[in-house]
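Structural characterization, general
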Amino acid sequence: MALDYDSLAHFPERKASDGAADPQEVDALRRRVRHLERVLASGADTLPFDLGRAAGRPEVEPQTRLDNVFFRQLFENSPDGIVLLDARDRVIDTNRGFEELFGYSRSEVQGQAINELIVPEESAEEASDLSNTVLHGEVVTSERLRRRKDGSTVFVRLLGYPIFDGERLMGLFGIYSDVSFRVSAERRLRLQSAAMNSAANAILIADADGRIEWVNPAFSRLSGYQDEEVIGQRVGFLASTDESCQADQVRMKALAEGDLWRGQVMHRHKSGHVYTVDQTITRLCDPADRGQHFVVVQEDITARLEAEQRLKHLAGHDFLTDLPNRYNFTKQLKIEVERSIRTGQPVAAMLVDIDQFKDVNDTFGHSVGDELLIAVARRLNETLRDRCTLARFGGDEFAILQTDIDDIGNASGLARRLIDAFSEPVDVGDRKIHVGVSIGIAIFPPGEPNARELIRSADLALYQAKSEGRSTFRFYVDGMDRQVRQRMKYGQQLHGAVERGELFLEYQPQVDVETHEIVAFEGLLRWQHAERGLVGPSEFVPIAEASGLIVPIGEWVLRQACSDAQAWRRRYGLDIPVAVNLSAVQFKDPSLCESVLEALARSGLPPRLLELELTEGLLMQASDSVQGTLQRLRESGVRFSLDDFGKGYSSLGYLGRFSLDKLKIDRSFIRQMNGQNQSRVIVSTIALLGRKLGLDVVAEGVENEQQVQMLLEENCPRVQGFLYSAPLPVDRVSELLESGRGRLPARGADGGTPASRDATA
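Residues numbered from 1 in each chain as written. Predicted model: local features only at pLDDT ≥ 70, side-chain atom pairs only at ≥ 80, totals over all residues. Heavy atoms only, no water.

1. A look at the overall build of the chain
- Broken down by element type, the chain carries 29 helices and 27 strands.
- Taken across its 761 residues, the chain has 48% of its residues classed as buried.
- At a minimum sequence separation of 6, the contacts of the chain that also span at least 24 residues come to 60%. (Helix = DSSP H or I, 4+ residues; strand = E, 2+ residues; numbered from the N terminus. Buried < 20%, exposed > 50% of the residue type's maximum accessible area, 1.4 Å probe, protein only. Contact = heavy atoms within 4.5 Å.)

Quick look at the structure:
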């Protein structure tokens, strides 16, 4: 029997179970069969192969056998796996390619159903459909997964077509080509393509001339340009500046000499804004080196660079005020010190501290404190001139670097301007807050050429300024560190001074010079230091205030004064008030009211016999909480006096706002009072003001009869001073009350000489 090759040309191209037959595949099959026909026509030695005999048909003619010889040679030598099946889909024959592809020998598969041999179970139904399609006379082209003898699988390209004897279907051929590598490669290509299309980074491919051939979606998102807008453009068209365009040319030249370039490039978005990318360009050449392409990968690092800039800025600047911080200031100061060494031009370092800042925080809260810091920084900056650097060291401390100085006068002039800048209150929201600043100054040269030592010297000078009254400035001088260390030592020694019995009270009487009656005692704190002996309050009270020890010490003073006054009252039947000084720090203590009431309750002293002495500074800065404390104590019956009136920023406003009982004229006016001079006019005015307001007026620091006479002429009969008595220990007060029954004549009246030491020392 001869194969009917021509009948292949008339195979109907009907739709198979896996889809429509591919016309190109059918054409390829026809060409292969035509080639087989030419081989068979060329003649060869006999090698019987007769499909008719294999199918049980009578023996065919010799010419047919000859045709089969050539067919057999082609069949056996084909690199593809070929199987010859009968009309029942059973194996008649296979070639060596089939054995190599699937692992079955010819003897193992002859007579077996092909689908049971090489089709995985999950594919049995579709394989049966394909076989039926071929047995119905159709050509099948398909790519399927098939199973080897060892159980492994292989992806094959299947060509199945029927064999006819005239119009009669005799069997079918199955040709299997191993396409695993191609399928795997295509899969990898699909994955790579999907990866490039879904990549977060922008990717583009350019030809050897730098013209763009392909871009991924991320490129369009990054640049704002769509594919059709950039294809054919040069890569450098995105450059944000002419310099960037020139740099792009340099990069392309560098790539001509290497395979990789990486760097940061600034590009301009389609909308106009500029962004920065980290760009990597890789040169690709084909194996034959017939041409090259460039793969450009761009990562948008604009946000990262901005974040790095912000972090760099924050590393050298204060987060609240945006001023340079301590690190930045120290670095700049070091540069200026080195310049000063070369040029001899002095440089000054100033430390500026806000007075009573803690009180603002405690009174109004930290949010208001932060706003105050911002406002203070702004006012300091507005006051500074060129060649001055302002920084915030932290807390309420600022630093100033001044480089335009010729001598110490330049630095002191700036310090005065800074202090004067805070003579007006600072606006913080809807509040006006009065604050002052203290300044410590250190100048190089002289001194060690060391920025940190210069800052340390300024810090010592600041400590000195704050301890000497605040709202002032001090220069660092040799030996100041010893003084500061001494103050710090005193601060440490103050701890436990009450428990050790080193603190005690002395009492100075206030006298009505017309009746010689004692109208009050003022309690004055003393410290009997173990090494130095008697230490006055002017030395240790500022240290106690700065360290916060004034609060527990003040509580002890209240308890002791109330206890002593009640003891005198019980013993001598005299209702003489006792006055106690309160610092501004104590008034910021939220438990002050409870401490006062507890001291009164424990001693049994009536509240009307306790007098609390206040300062003008406290009343000027009195917050709502301070006013509330004053009101509560006033309602309990406690009396208030205003100490050192006229010395500070006296204001009639707070005299109307606060309920006071007494004004104490500052000793400086009494000391300078003479005839009708200015000090006497001031004393006269204060005395008149007190009478008009219904307040008691007491003149402090009275030391001679002439002063008493002038005070009587000004209707100010109540005095306190050494003319009548120095401050007395508690036992001497008892003796005084025992002998005088509450009356005290002037010591100078009988020829005595007033003591020379200050009554409040």
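2. Structural notes on a negative patch on the surface
- On the surface, D386, D404, D406 and D407 cluster together to form a negatively charged patch.
- Here D386 lies in the loop between α15 (366-383) and β12 (388-394).
- You can call D386 exposed: its relative accessible area is 66%. (Patch = residues over 30% accessible without salt bridge, like charges linked within 9 Å, V, L, I, M, F, W, Y side chains within 5 Å. Areas by Shrake-Rupley, 256 points an atom, 1.4 Å probe, with all protein chains shown as cover. Salt bridge = Lys/Arg side-chain N within 4 Å of Asp/Glu carboxyl O. Lys, Arg positive; Asp, Glu negative; His and termini not counted. Charge placed at Lys NZ, Arg CZ, Asp CG, Glu CD.)

3. A closer look at the nonpolar core
- In this structure, L494, F587, V596, L610, L612, L660 and L711 are the most contacted members of the largest nonpolar core, which totals 79 residues.
- With eleven residues, helix α20 (residues 550-572) is the single largest residue contributor to this core.
- Ignoring any residue separated from it by four or fewer positions in sequence, one finds L660 in contact with L614, L619, R634, F640, L642, L655 and L695.
- L390, I405, V426 and F473 belong to the second largest nonpolar core, which has 35 residues in total. (Core = buried A, V, L, I, M, F, W, Y, C linked by side-chain atoms within 4.5 Å.)

4. Comments concerning the sheet that holds strand β1 (residues 81-86)
- The strand order across the open sheet built from five strands is β2-β1-β5-β4-β3, with neighbouring strands paired in antiparallel fashion. Each edge of the open sheet is held by one strand with a lone partner, namely β2 (91-94) and β3 (140-147). On average, each strand axis in the sheet is tilted by 30° relative to the strand beside it, whichever way the strands run.
- Summarising the sheet, β1 and β2 pair through three bridges and their orientation is antiparallel. Residue pairing in the sheet places L85 in a bridge with V91 of β2.
- Sheet strands touched by helix α8 (residues 180-198): β3, β4 (153-165) and β5 (168-178). Its angle to β4, the strand with the most contacts, is close to 125°. (Pairing = 2+ DSSP bridges. Axes fitted to C-alpha atoms, helices over the stretch in contact; angles between N-to-C directions.)

5. Things to note about the confidence of the model for the chain
- Residues with a pLDDT of 70 or more make up 82% of the chain, whose mean pLDDT is 81.
- Long-range and interchain partners of residues 1-21, a stretch whose pLDDT sits below 50, account for 51 contacts in this model, where long-range means more than four residues apart.
- pLDDT under 50 marks residues 748-761. Its contacts with residues more than four places away, or in other chains, come to 28 contacts. (pLDDT = per-residue confidence, 0-100.)

6. Quick notes on the packing of helix α14 (residues 357-364) against α15
- Between α14 and α15, whose axes approach to 7 Å, the crossing angle comes to 140°. On the basis of their axis angle, the class for α14 and α15 is oblique. On α15, the residues that touch F357, V360, N361 and F364 of α14 are H366, V368, G369, L372 and L373.
- Counted by class, the contact of α14 with α15 contains six nonpolar, three polar and no charged residues. (Parallel < 35°, antiparallel > 145°, perpendicular 65-115°, else oblique. Nonpolar A, V, L, I, M, F, W, Y, C, P; charged D, E, K, R; others polar.)

7. Observations regarding the pattern of salt bridges
- Inspection of the entire model under this criterion finds 35 salt bridges.
- The salt bridge involving E126 is made with R144; its shortest N-O contact spans 3.1 Å. Taken together, the residues span a long stretch of sequence, with E126 in helix α7 (residues 124-135) and R144 in strand β3 at a distance of 18 residues.
- Residue R144 is classed as partly exposed on the basis of its relative accessible area of 22%.
- With its nearest N and O atoms 3.1 Å apart, the salt bridge here joins K662 to E611. Here E611 lies in strand β22 (residues 610-614) and K662 lies in strand β24 (residues 662-665), a separation of 51 residues in the sequence.

8. Remarks on the side chain of D89
- Summarising the element assignment, D89 is placed in the loop between β1 and β2.
- At 3.1 Å, the side chain of D89 and the side chain of S131 are in polar contact.
- Ignoring sequence-local partners within four residues, the contact set of D89 consists of Q112, A113, I114, N115 and S131. (Polar contact = N/O pair within 3.5 Å; in protein donor to acceptor, adjacent residues only side chain to side chain.)

9. Brief notes about a nonpolar patch on the surface
- Residues L311, L314 and F319 make up a contiguous nonpolar surface patch of roughly 380 Å² in combined accessible area.
- Relative to the assigned elements, L314 resides in helix α12 (residues 302-316).

10. Some points on the sheet that holds strand β8 (residues 260-268)
- Spatial strand order, β7-β6-β10-β9-β8: five strands in an open sheet with antiparallel pairing. This sheet does not close on itself; its edge strands, each paired only once, are β7 (212-215) and β8. Sheet twist, expressed as the mean angle between neighbouring strand axes with direction ignored, is 25°.

11. Re helix α27 (residues 678-693)
- Along its 16 residues, α27 runs 23 Å from first to last C-alpha, staying within 8% of the 22 Å computed at 1.5 Å per residue.
- Residues of α27 that are buried: S679, R680, V683, I686, A687 and G690. Along the axis of α27, the buried residues cluster in a sector spanning 125°; they form a single face. Among the exposed residues of α27, those oriented more than 90 degrees off its buried face are Q678 and K692.
- Residues of α27 that are buried make contact with β23 (639-645), β24, α26 (667-672), β25 (696-700) and α28 (705-713).
- One or two positions beyond α27, positive phi appears at G694, with a value near 75°. (Expected span 1.5 Å × (residues − 1). Arc of directions from axis to C-beta.)

12. A look at unusual backbone geometry
- In the segment running from F444 into P445, the intervening peptide bond is cis, with an omega of -15°.
- One can find P445 in the loop between β16 (437-444) and α17 (451-467).
- Phi angles above zero are rare outside glycine, and H516 is one such case at about 60°.
- Even without glycine at this site, D644 takes up a positive phi of about 55°.
- With respect to the secondary-structure elements, D644 resides in strand β23.

13. Some points on the side chain of K664
- Among the secondary structure elements, K664 is positioned in strand β24.
- Among the polar contacts made by the side chain of K664, one reaches the side chain of E522 at a distance of 3.0 Å.
- There is a polar contact of 3.4 Å between the side chain of K664 and the side chain of E700.
- In contact with K664, other than residues within four places in its own chain, are Q510, E522, E613, S641, L642, D643, D644, F645, V698, E700 and Q720.

14. Some thoughts on the pairing of strand β13 (residues 397-402)
- Burial within β13 is extensive, with six of its six residues counted as buried.
- Note that strand β11 (residues 347-354) and β13 share six bridges and pair antiparallel. By the bridge assignment, V352 is partnered in β13 with F398.
- As paired elements, β12 and β13 share six bridges and run antiparallel to each other. For C388, the partnering residue across the bridge sits in β13 and is Q402.

15. Describing the pairing of β3
- Examined bridge by bridge, β3 and β4 share eight bridges and lie antiparallel to one another. Bridged to S142 within β4 is L158.
- Taking the residues between adjacent antiparallel strands as the criterion, β3 and β4 are bridged by five residues, where G151 takes a positive phi near 95°.

16. Quick notes on the packing of aromatic side chains
- Counted under the stated rule, the structure contains eleven aromatic pairs.
- Between F75 and F173, the ring centres sit 6.3 Å apart and the planes meet at 45°, which makes this aromatic pair tilted. Of this pair, F75 sits in helix α3 (residues 62-77) while F173 is found in strand β5, placing the two residues 98 residues apart along the sequence.
- You can call F75 buried: its relative accessible area is 2%.
- An aromatic cluster is defined as three or more aromatic residues linked by ring pairs; in this entry it consists of F75, Y161 and F173. (Phe/Tyr/Trp six-rings, centres within 6.5 Å; stacked < 30°, edge-to-face > 60°.)

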